[in-house]
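The primary structure of each chain is shown beneath.
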Amino acid sequence: MVTSWGRVRHAAQQIEYGSDLPEGEKTLLSYGLGRSYGDSCLNDGGIALITGDRFIAFDREAGTITCEGGTMLRSILQLCRTANPDGSHWFLPVTPGTQHITVGGAIANDVHGKNHAQRGTFGQHVQSFMLQRSDGTFLCSPSENVALWQATIGGLGLTGRITQATLQLMRVPGLMIESETIPMQSLAEFFALADASSAWEYSVGWVDCLAKGEAVGRGLFSRGRHVAGACPAPRKPLAMPFELPFTPLNRWTLGLFNACYRRRIRRARTNRQPYWKFLYPLDAIAGWNRFYGPRGFYQYQCVIPPGRAKETIRAQLETIAQAGEGSFLIVLKNFGDQPSPGMLSFPMPGTTLAVDFPNRGERTTALIAALDALTLAAGGRVYPAKDAVMSPQHFEAYYPNWRDFSRWIDPRFSSSFWRRVTATDEPSP
Amino acid sequence: MTRIAIFGATSAIAEQTARHLTTPDSEFLLVGRSAAKLDAIAADLRVRGAKSVRSIAHDFASSDGIEPLLAPLETPDYALIAFGSLPEQARSQTDIAYAESQLALNFTVPAMLAQQLARRMAARRTGMLAVITSVAGDRGRGSNYFYGAAKGGLSRFLQGLRHHYFSNNVAVLDIRPGFVDTPMTASFPKGPLWAKPEIVGAAIAKAMRDGKNGVLYTPIFWAAIMGIIRLVPAHIFHKTSL
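A brief structural summary. Since the structure is predicted, the reported quantities are computational estimates derived from the model, not experimental observations.

Across the boundary between the two partners, chain A contributes 10 residues, which contact 13 residues of chain B. Between chain A and chain B lies a buried interface of about 1,000 Å² when both sides are counted; carbon and sulfur atoms form 52% of it. Of all residues in chain A, the largest losses of buried area upon contact with chain B belong to Tyr 17, Arg 54 and Phe 55 of chain A, amounting jointly to 59% of the total for that side. Along the contact surface separating chain A from chain B lie 2 salt bridges. Its salt-bridge partner being Arg 54 of chain A, residue Glu 15 of chain B comes within 2.6 Å of it at the nearest N-O pair. In this assembly, chain A and chain B are joined by 5 residue pairs in polar contact (both at pLDDT 80 or more). Considering every element that reaches the side of chain A that touches chain B, the biggest residue donor is strand β6 (residues 55-59) of chain A, with 4 residues. Classifying every residue of the side of chain A that touches chain B by side-chain character gives 7 nonpolar, 1 polar and 2 charged.

Here it is as structure tokens:
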């Protein structure tokens, strides 16, 4: 049995390392590092395809890198540590909160980072990729096999296997991040700070999940930009070698954690830190997901369009605080309006909220359903890479073009997620 | 400049080790069966910063022997012998030719190659010779004694080689990986004892750079596991299906 990052969904799947697609009846799905939280990276009863992680070429003048689909973002960043002749560095233009994902996974989920407002999604920086399908292998780019290109970016691995990809890196002055951390007293302050941070590459808000009433949105706002300067090598991560027998997260420990976290920073302050500390704080603890105990956890991430964001996010934060659930951090970010080429991409203009919930069974799924109702009413959507519970009805509402997309699915490919959200065996009304 | 020769360079563990041995002054010679795979690995190591990478396609299971390989070889500073196979135990018990070829591939050929490399390194009075054996060689077990015997024999050979060339400043490293999640073991059910090849490769590269002259269990907890397994009395061991 394999599981995904949230450890709430499991799958029995056969693992295949070969470079050809295996014959037979079983359905296929690429498996990278299993860092999706729910079941979008799982294919219960099917075959998990493992793709190589070799570099193919790196043009240090142009900043373009070609690698196999299984290459980890961390490996690319290791190459980026070598400075260019002018002292600048190449860097991933878009990176999520972990470097432990593959390039293929980054494309298939069209991942975003703390700089979506500036750079859009990962897919926007991919120059081309090779897509291996049961009917042949196709070079896809904005000018070739365009429909497959659009369907594969954010296409959850269903259109075939991304065997290799060419990325355009971004030039930055250095690998150090100059950052500012500013306390926020309310949600209004988050929106004001987010609007006022367009001169910063990265920005993100951390919100106390237990704050109620006037204090909703209380937390810290953090923004950063690349600056020159010697960057120390990443520290060896601490390991969480075993799972806790139960999760230590509850209303009281969370309150304590949030109070301490907030008290640490009472006034705005600036700081210089290595990129890996600023962008990947959780990578410092390998296997942090085991902290949630044997039952695992759900992550909920939605995006709410700008017109409805303030009221809806407030309502969602209040719902979470009422329930007394939540994790250390609720993360808020503003998405920009750069459209991704991906047909099924998650990001759209608006504000995104992400929160972890330890799995406490129905209590947790009911809370997620309540958040979902608010997302749906506001015309927002939920991120499939994080999801383990959305219903077919919700999926249809969030991604109305999925039937259009599904024409490009390779008939040999499938996933546990896809079978769940497109299940049609409900009795019709 | 550091000359690094890897025999069986397309094995998952060898490839990961090569990545961890890569520095701006490393000059690689990769030897393996598939020219296409060698080319891909060579390109990868170049992107990762290797000074140069050459490759030679050679099948260690073929009857050509290793002489053609050795004749033009410049003596490396680091050598890693990583080729081998996982013989089917049941077939080895009935098919004599198959069993002999598997024993050769896992014992005779690597042993002869190690001997010749050690001899050359001794002439230069420097060298690191690393050979991948297995924890399976630590005790004969009913479920895989052809593999275990070949690897165990190889370990004993390396022990002698280490003794013989000790005064010539040649380090002989006997690498005994435990369960590693590679294409060779794709069909095995995986559990908590299984390690990723990148972890094993990093440990091997570190031991090679440190000049470790002895046995490396990797991951390290296998030293304890095998210590216990070697001590289990036969009358108890025989009741298990290991």
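Now that the structure has been shown, we can carry on.
Once that is clear, we can look at the side chain of Arg 139 of chain B. Residue and element names in this part refer to chain B. Mapped onto the fold, Arg 139 is located in the loop between β5 (127-132) and α6 (145-165). Asp 138 provides the closest opposite charge to the buried, salt-bridge-free Arg 139, at an N-O distance of 10 Å. Within the structure, the side chain of Arg 139 is placed 2.7 Å from the backbone oxygen of Ile 229, a separation counted as a polar contact. Once residues within four sequence positions are removed from consideration, Arg 139 is found in contact with Ile 229, Arg 230, Leu 231, Val 232, Pro 233, Ala 234 and Phe 237.

Taken as a whole, this structure holds 26 salt bridges over all chains when the rule is applied. The partner of Glu 27 of chain B in a salt bridge is Lys 51 of chain B, with the nearest N and O atoms 3.3 Å apart. Placement of the pair is Glu 27 of chain B in strand β2 (residues 26-32) and Lys 51 of chain B in the loop between α2 (35-47) and β3 (52-57), with a sequence separation of 24 residues. The partner of Asp 44 of chain B in a salt bridge is Arg 48 of chain B, with the nearest N and O atoms 2.9 Å apart. Put simply, Asp 53 and Arg 54 of chain A together with Glu 15, Arg 19, Asp 44 and Arg 48 of chain B are held in one network by salt bridges that share partners.

The subject of this paragraph is the side chain of Arg 141 of chain B. With respect to the secondary-structure elements, Arg 141 of chain B resides in the loop between β5 and α6. It turns out Arg 141 of chain B is buried and unbridged, and the closest side chain with the opposite charge, Asp 138 of chain B, is 9.4 Å from it.

This brings us to the sheet that holds strand β22 (residues 381-382) of chain A. Hydrogen bonds along the backbone pair up the strands of a sheet, which may run parallel or antiparallel. Residue and element names in this part refer to chain A. Taken together, the 8 strands give an open sheet; going across it, the order is β17-β13-β15-β14-β20-β21-β19-β22, and neighbouring strands pair in antiparallel fashion. Two strands bound the open sheet, and with one partner strand each, they are β17 (269-274) and β22. Where strand β20 (residues 330-335) lies against strand β21 (residues 350-358), 6 bridges are found, and the strand directions are antiparallel. The partner of Asn 334 across the bridge, within β21, is Thr 351. In the packing of helix α5 (residues 187-195) onto the sheet, contacts are made with β13 (176-184), β14 (202-207), β15 (219-227), β20 and β21, and the angle to β20 comes to roughly 40°.

All names here are of chain A. As enumerated under the stated definition, the model contains 0 disulfides over all chains in all. Cys 41 forms no disulfide, and the closest cysteine sulfur to it belongs to Cys 67, at a distance of 19 Å. For the unlinked cysteine Cys 140, the closest cysteine sulfur is that of Cys 67, found at 16 Å.

What counts as what
- Residues numbered from 1 in each chain as written.
- Chains lettered and ligands numbered in written order.
- Predicted model: local features only at pLDDT ≥ 70, side-chain atom pairs only at ≥ 80, totals over all residues.
- Heavy atoms only, no water.
- Contact = heavy atoms within 4.5 Å.
- Buried area = accessible area lost by both parts, 1.4 Å probe.
- Salt bridge = Lys/Arg side-chain N within 4 Å of Asp/Glu carboxyl O.
- Polar contact = N/O pair within 3.5 Å; in protein donor to acceptor, adjacent residues only side chain to side chain.
- Helix = DSSP H or I, 4+ residues; strand = E, 2+ residues; numbered from the N terminus.
- Nonpolar A, V, L, I, M, F, W, Y, C, P; charged D, E, K, R; others polar.
- Buried < 20%, exposed > 50% of the residue type's maximum accessible area, 1.4 Å probe, protein only.
- Lys, Arg positive; Asp, Glu negative; His and termini not counted.
- Pairing = 2+ DSSP bridges.
- Axes fitted to C-alpha atoms, helices over the stretch in contact; angles between N-to-C directions.
- Disulfide = S-S within 2.5 Å.

Keep in mind these values describe shape, not function.
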